[in-house]
Amino acid sequence: MTTRWSLNTAIGAIARDLRQSLGLSIEKVSADAGMAASNLSQLERGVARWNADTIEKVSAALDVHPRDLMPHREERSRLWVRRSEVAHALEMVRRKLTL
């Protein structure tokens, strides 16, 4: 039996992969997103439906842009960088430029 691709399943897989690559627990991300861990688990597995609100909450909890949870047509490796890491790197560059 072939599993049919769905947007919910794709977003869920991306969110799970991103969460795991950042070393974050489902409990931590769900708490930061203001939802139960069981709800986030259902979203990650494609059982529950994503909507704009859940995409915004989960992406904020992961500290990434909402578009980072969207699947892309072309297959390519992803590099995820937290917004806070970008801000820190920019601050370091600014400090070096003012020396």
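Residues numbered from 1 in each chain as written. Predicted model: local features only at pLDDT ≥ 70, side-chain atom pairs only at ≥ 80, totals over all residues. Heavy atoms only, no water.

## Notes on the pattern of salt bridges
Right, so step 1: Counted by the stated rule, this structure contains 5 salt bridges.
Right, so step 2: Two residues, K57 and D53, come together in a salt bridge whose shortest N-O distance is 3.3 Å. On the criterion of helical spacing, the pair formed by K57 and D53 is a turn pair, its members being 4 residues apart in helix α4 (residues 52–62).
Right, so step 3: For R94, the salt bridge identified is with E91, shortest N-O distance 3.7 Å. Highlighted residues: R94 and E91, both in helix α5 (residues 83–98), separated by 3 residues, approximately one helical turn.
Right, so step 4: Here the salt bridges do not stand alone but share partners, grouping E91, R94 and R95 into one network. (Salt bridge = Lys/Arg side-chain N within 4 Å of Asp/Glu carboxyl O. Helix = DSSP H or I, 4+ residues; strand = E, 2+ residues; numbered from the N terminus.)

## Details of the environment of A36
Right, so step 1: Residue placement: A36 occurs in the loop between α2 (26–33) and α3 (37–44).
Right, so step 2: Along the sequence, A36 and I26 sit 10 residues apart, while their C-alpha atoms lie 9.4 Å from each other.

## Observations regarding the side chain of N8
Right, so step 1: Structurally, N8 can be placed in helix α1 (residues 7–21).
Right, so step 2: N8 sits in the buried class, given a relative accessible area of 12%.
Right, so step 3: Among the polar contacts listed, one links the side chain of N8 to the backbone nitrogen of W50, at a separation of 2.7 Å.
Right, so step 4: Those residues in contact with N8 that sit more than four places away from it in its chain are L43, G46, A48, R49 and W50. (Buried < 20%, exposed > 50% of the residue type's maximum accessible area, 1.4 Å probe, protein only. Polar contact = N/O pair within 3.5 Å; in protein donor to acceptor, adjacent residues only side chain to side chain. Contact = heavy atoms within 4.5 Å.)

## Considerations on the packing of α2 against α3
Right, so step 1: At a closest axis distance of 8 Å, the pairing of α2 and α3 adopts a crossing angle of 105 degrees. Here α2 is positioned roughly perpendicular relative to α3, judged by the angle of their axes. Residues I26, E27, V29 and S30 of α2 touch α3, and the partners they reach there are A37, L40, S41 and E44. (Axes fitted to C-alpha atoms, helices over the stretch in contact; angles between N-to-C directions. Parallel < 35°, antiparallel > 145°, perpendicular 65-115°, else oblique.)

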